[in-house]
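# A look at the structure
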Amino acid sequence: MPTTRFAPSPTGRLHVGNIRTALHNWMLARKARGTFFLRIDDTDAERSREEYVEAIRADLAWLGIEADQEYRQSLRKDLYEAAFQALRVGGRIYPAYETSQELEIKRKILLSRGLPPIYDRGALNLTEEQRAAKEAEGVAPHWRFKLDHDEPIAWEDGVRGTVKFDPAQLSDPVIRRADGSWLYMLPSTVDDVDMGVTQVLRGEDHVSNTAVQIQMFTAMGAEPPAFAHEALLVGKEGKLSKRLGSLGCDSFRQRGIEPEAIIALLARLGTSQPVEPIADRAALLETFDLSTFGRAPAKFDDADLDRINTAVVHAMPYDAVKHRLPKGMDKAGWHAVQPNIATLSDVDEWWRLVTGPITQPEFSDEDRTYLALAAAALTWGDDPWGALTTALKEATGRKGKALFLPLRQALTGMDHGPDMGELLPLIGEDEARARLEQAGGR
Ligand code: GLU
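Anyway, here's the lowdown on the structure attached to this text.

### Observations regarding the overall build of the chain
In terms of helices and strands, the chain carries 20 helices and twelve strands. For 442 residues, the compact-globule estimate of 2.2 N^0.38 gives 22 Å, and the C-alpha radius of gyration of the chain, at 32 Å, exceeds that figure by more than 25%. Projected onto the principal axes, the alpha-carbon positions of the chain cover approximately 110 × 40 × 40 Å. Within the chain, the fraction of its 442 residues that count as buried is 47%. Pairs at least 24 residues apart make up 73% of the contacts formed inside the chain by residues separated by at least 6 positions. Positive and negative side-chain charges of the chain, numbering 54 and 67 respectively, have mean locations separated by a distance of 3 Å.

Following this line, the structure appears as structure tokens:
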């Protein structure tokens, strides 16, 4: 059974790209009745904020992406220390003394010669005396993981197929700063081993990290998990967009987007399966399949989200929304307004037509006479609207717009809106008569 994790760094709010990664990991686990963990990658004490940890939890809860357990890297430093010591003893971690300026100069020289800016392993070539001299000068080392250049790196990626790396083309990654703090690479690997993660699904910006981490797993004597890297999310114009990087649950909520619409869109965006307004997660899980994921960037378009949201809202059963409806609005009320709304917040505006007050337009004398007649003709049975319009048609010979529009305007103050056959019983007999009488000039 698969074990997956979503591992955000709490240095900001979740954006639509993170949400997609979280969702897919959740789906991967849930589809196979596996386990899904939330891991807060908060080793960077300076940039991590508790408010973001809380926001991440709240956003995932709102989306219904619930984790079986939460881990926090800041509470697991002993594990990283132990792995570090073992790898160091095993010769896979070495101290390095270059300043960031020195490294930058080395990079620039390589680049100016048209060479890839790979770290030259200068620190590995230091003699004992040179190292001792550095220490005596008070230079504290940072630490690098020594890649094994003899072992080509390859894996079967769940999205990208066979991926190969020549380790000599990668820099030995810095895994620990001089102040003892951790960079992302090693703690993540240690955690994936310790948490029993079997599948790592993340964005393709992590592909080269995976190459390094596969060597770390092996160096720790662990079997690497299965990896899959999904294509990045881009704006509809096809470019990485700044806007997407800040588009998150708050703005979705403000726009009246339902979590189920976001889930339906992100579950299939970038796959060969059609994006459809499927609010039933079991149905989405059923069809979730990594092999349908494409390698081309997935295009996120707000118009798609709005369209799916409207369809999701139009299919929402009363029981699912009743606690979010205005006071007094029952099942019949929901049924009457549901086809007219794009978001749930539109309900209030339509429900006001029932509860009033409404503002009627100016009517012509002829319409006023007609509406006075309507007030007198109003009867209350199973279908008051059908009865009223049939009676008025016979009495006046009006039909079509001339028959219906003044009535709608008098009863709701609007030229369009929910089906009058459903609305009129909700307005009620006394109020309906009063509105018609008012419009008729009495
Ligand atoms: N904290 C890392 C990130 O947010 C996690 C990457 C991973 O899934 O390993 O990019």
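Now that the structure has been shown, the text picks up again.
### Considering the layout of surface pockets
Approximately 1,000 Å³ is the volume attributed to the largest pocket. When residues of the lining of the largest pocket are traced back to their parent elements, those giving at least two are β1 (3-6), α1 (16-31), β9 (199-203) and α8 (242-246). Looking at which element gives the most residues to the lining of the largest pocket, the answer is α1, with six residues. Taken together, the residues of the lining of the largest pocket sort by class into 14 nonpolar, 15 polar and ten charged. Looking at the second largest pocket, its volume works out to about 270 Å³.

### Structural notes on unusual backbone geometry
Peptide bonds are trans in most cases, and residues, glycine excluded, mostly fall at negative phi. A cis amide bond links Gly356 to the next residue, Pro357, at an omega of -5 degrees. Within the element layout of this structure, Pro357 appears in the loop between α15 (346-355) and α16 (365-377). In this model, Arg33 sits at a positive phi of 55 degrees, which is unusual for a non-glycine residue. Its location among the elements puts Arg33 in the loop between α1 and β2 (35-40). Here Arg33 falls in the exposed class, since its relative accessible area comes to 71%. With a phi angle near 60 degrees, Arg121 is a residue other than glycine that sits in the positive phi range. Structurally, Arg121 is set in the loop between α4 (100-112) and α5 (128-136).

### So, the nonpolar core
Looking at soluble globular proteins, one finds that nonpolar side chains tend to be buried together. Counting 46 residues, the largest nonpolar core has Phe252 and Phe300 as the members making the most contacts within it. Only α1, β2, α2 (50-63), α9 (249-254), α10 (259-268), α11 (281-287), β12 (298-300) and α12 (302-314) provide two or more residues apiece to this core. It is α1 that contributes the most residues to this core, eight residues altogether. Excluding its chain neighbours within four sequence positions, the residues that come into contact with Phe252 are Val16, Ile19, Trp62, Leu247, Ile257, Ile262, Phe300 and Leu305. Judged by nonpolar contacts, the second largest core, of 37 residues, contains Trp351, Phe363, Leu423 and Ala439.

### Overview of the site of the ligand
In the neighbourhood of the ligand, the contacting residues comprise Arg5, Ala7, Ser9, Asp41, Tyr184, Ser188, Arg202 and His206. A distance of 2.7 Å separates an oxygen atom of the ligand from a polar side-chain atom of Arg202. A distance of 2.9 Å separates an oxygen atom of the ligand from a polar side-chain atom of His206. Bound to the protein, the ligand loses 79% of the 300 Å² it would expose on its own. Here the ligand occupies the largest pocket. Residues belonging to the shell around the ligand are distributed by class as follows: two nonpolar, three polar and three charged.

### Observations regarding the packing of aromatic side chains
All chains considered together, the criterion is met by nine aromatic pairs. Aromatic pair Phe84 and Trp182: ring centres 5.6 Å apart, planes at 75 degrees, arrangement edge-to-face. Separated by 98 residues along the polypeptide, Phe84 in helix α3 (residues 77-89) and Trp182 in the loop between β8 (174-176) and α6 (185-194) bring together distant segments of the chain. Taken as a pair, Phe84 and Trp182 share a single burial class, namely buried. Aromatic ring contacts, followed pair by pair, group Tyr80, Phe84, Trp143 and Trp182 into a single cluster. In this structure, Arg176 is placed above the aromatic ring of Phe84, and the distance from its NZ or CZ to the ring centre is 4.7 Å.

### What to know about empty space enclosed by the protein
Across all of its chains, the model carries two cavities of 30 Å³ or more by this definition. Surrounding the largest cavity, Met27, Ala267, Arg268, Thr271, Gln273, Leu284, Thr287, Phe288, Asp289, Thr292 and Phe293 form its lining. Residue assignment for the lining of the largest cavity shows that the elements contributing at least two residues are α10 and α11. Approximately 30 Å³ is the volume found for the second largest cavity. Ile118, Tyr119, Arg121, His149, Ala168, Leu170, Ser171 and Asp172 together form the lining of the second largest cavity. Partitioning the lining of the second largest cavity into residue classes produces four nonpolar, two polar and two charged.

### Observations concerning the side chain of Arg5
Tracing the backbone shows Arg5 in strand β1. Look at Arg5 and you get buried, because its relative accessible area is 4%. Polar contacts involving the side chain of Arg5 include one to the side chain of Asp192, which spans 2.8 Å. Other than its neighbours up to four places away in sequence, Arg5 contacts Asn25, Phe36, Phe37, Arg39, Ser188, Asp192, Met195, Val197, Val200 and Arg202.

### Overview of the pattern of salt bridges
Enumeration according to the criterion identifies 35 salt bridges in this entry. The salt bridge partner of Arg13 is Asp59, with a shortest N-O separation of 3.1 Å. Taken together, the positions of Arg13 in the loop between β1 and α1 and Asp59 in helix α2 put the pair 46 residues apart, joining distant regions of the chain. Given a relative accessible area of 37%, Arg13 falls into the partly exposed group. For Arg281, the salt bridge goes to Glu260, with nearest N and O atoms at 3.0 Å.

What counts and what doesn't
Residues numbered from 1 in each chain as written. Predicted model: local features only at pLDDT ≥ 70, side-chain atom pairs only at ≥ 80, totals over all residues. Heavy atoms only, no water. Helix = DSSP H or I, 4+ residues; strand = E, 2+ residues; numbered from the N terminus. Rg over C-alpha atoms; globule rule 2.2 N^0.38 Å. Buried < 20%, exposed > 50% of the residue type's maximum accessible area, 1.4 Å probe, protein only. Contact = heavy atoms within 4.5 Å. Lys, Arg positive; Asp, Glu negative; His and termini not counted. Charge placed at Lys NZ, Arg CZ, Asp CG, Glu CD. 1 Å grid on protein atoms, 1.4 Å probe; cavity = no way out; pocket = protein on both sides within 12 Å on 5 of 7 lines; lining within 4 Å. Points joined across faces, edges and corners; volume = space filled by probe spheres on them. Nonpolar A, V, L, I, M, F, W, Y, C, P; charged D, E, K, R; others polar. Core = buried A, V, L, I, M, F, W, Y, C linked by side-chain atoms within 4.5 Å. Near = heavy atom within 4 Å. Polar contact = N/O pair within 3.5 Å; in protein donor to acceptor, adjacent residues only side chain to side chain. Areas by Shrake-Rupley, 256 points an atom, 1.4 Å probe, with all protein chains shown as cover. Sits in = over half its atoms within 2 Å of the grid points. Phe/Tyr/Trp six-rings, centres within 6.5 Å; stacked < 30°, edge-to-face > 60°. Lys NZ or Arg CZ within 6 Å of the ring centre and 35° of its normal. Salt bridge = Lys/Arg side-chain N within 4 Å of Asp/Glu carboxyl O.

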